[in-house]
Amino acid sequence: ELTKQFSPVNGVMWADGVDVGPVDGTKPNGLAVDMSHDRQISVGACWVEEASEHVEEVWAGVNEAACVEWVAVRAGRRIPVLFDSASPAASMIPALKARGCKVLSGSALDMAKACGGFVAAVEEGRLTHGDQEAVNQARDGARKRAIGKAGGWGYDRTDASVRIHPLVAVTLARYASTLSKRPKTRDSSARRAVLL
């Protein structure tokens, strides 16, 4: 057996996490946008229900204006939309802010937290995904790069030929979903995420 597991996201556990996800029309708890070197855009979403999380790529394309419009309509003012501040996708932040969206810009430290949390959720069997080709290929191609000196890491973006942006988008969407506490008082029907 010569094939080595280079991806930080375990392939066997990833394959075990395939699920159909929430019913159509269910609003996600977090969205994130990422972009490749050649300006391919991916929007990831994460839905949280009790102790489980589901991620999918929900929009893909190359037209920034179309992406901004799509995200603005679906995110509204409540659903957090996370960008990695170092990503070329960050160019869309002003347009989304102008539309009144709850835009968050993450640092390298946020990326380390997002990646660590994503892998932990996969390994603990809490995270499911839609078995999408683009995300699966991004997972296959993903490699680690160190962030800081304490063992934190992010996905390595240096190889322009490897399109990891769909994986970055769903990883950041999951992190965005952990940043928004659902208000208890106004809407008792809104389920709270269990953040372990």
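Residues numbered from 1 in each chain as written. Predicted model: local features only at pLDDT ≥ 70, side-chain atom pairs only at ≥ 80, totals over all residues. Heavy atoms only, no water.

Caption draft 1: Structural context of the pattern of salt bridges. The full count for this structure, using the stated rule, is 9 salt bridges. Put simply, Arg 39 and Glu 64 hold a salt bridge, and the shortest N to O gap is 2.5 Å. With a gap of 25 residues between them, Arg 39 in the loop between strand E1 (30-35) and strand E2 (41-49) and Glu 64 in helix H2 (residues 64-75) connect regions that are remote in the sequence. (Salt bridge = Lys/Arg side-chain N within 4 Å of Asp/Glu carboxyl O. Helix = DSSP H or I, 4+ residues; strand = E, 2+ residues; numbered from the N terminus.)

Caption draft 2: Quick look at the nonpolar core. In terms of nonpolar packing, the biggest core is built from 30 residues, with Val 9, Trp 14, Phe 118, Leu 127, Tyr 155, Leu 167 and Leu 172 touching the most fellow members. Of all elements in the fold, only E2, helix H4 (108-123), helix H5 (133-141), strand E8 (152-155) and helix H6 (165-179) reach the threshold of two or more residues within this core. Residue contributions to this core peak at 8 residues, all from H4. Apart from residues lying up to four places away in sequence, Tyr 155 is in contact with Pro 8, Val 9, Cys 115, Phe 118, Ala 142, Arg 143, Arg 145, Ile 164, Leu 167, Val 168 and Thr 171. In this structure, Ile 41, Trp 59, Trp 70 and Ala 90 belong to the second largest nonpolar core, which totals 24 residues. (Core = buried A, V, L, I, M, F, W, Y, C linked by side-chain atoms within 4.5 Å. Buried < 20%, exposed > 50% of the residue type's maximum accessible area, 1.4 Å probe, protein only. Contact = heavy atoms within 4.5 Å.)

Caption draft 3: Main features of the packing of aromatic side chains. Here the structure, examined in full by the defined rule, presents 2 aromatic pairs. When the ring of Trp 14 is compared with that of Phe 118, the centres are 6.0 Å apart and the planes differ by 40°; the resulting orientation is tilted. One end of the pair, Trp 14, is in helix H1 (residues 11-16); the other, Phe 118, is in helix H4, with 104 residues separating them in the sequence. For Phe 118, a relative accessible area of 0% puts it in the buried group. Measuring from centroid to centroid gives 5.7 Å for Trp 153 and Tyr 155, while their planes differ by 75°, and the two rings are edge-to-face. You'll find Trp 153 and Tyr 155 in the same group, each marked buried. (Phe/Tyr/Trp six-rings, centres within 6.5 Å; stacked < 30°, edge-to-face > 60°.)

Caption draft 4: Quick look at H4. For H4, built from 16 residues, the straight-helix expectation of 22 Å at 1.5 Å per residue is met to within 8% by its first-to-last C-alpha distance of 23 Å. Looking at H4, one finds that the buried residues are Asp 110, Met 111, Ala 112, Ala 114, Cys 115, Gly 117, Phe 118, Val 119, Ala 121 and Val 122. Regarding H4, its N-cap is Ser 107, as a side-chain oxygen of that residue lies 3.3 Å from the backbone nitrogen of Leu 109 further along. One or two steps after H4, the chain reaches Gly 125, where phi turns positive at roughly 75°. (Expected span 1.5 Å × (residues − 1). Polar contact = N/O pair within 3.5 Å; in protein donor to acceptor, adjacent residues only side chain to side chain.)

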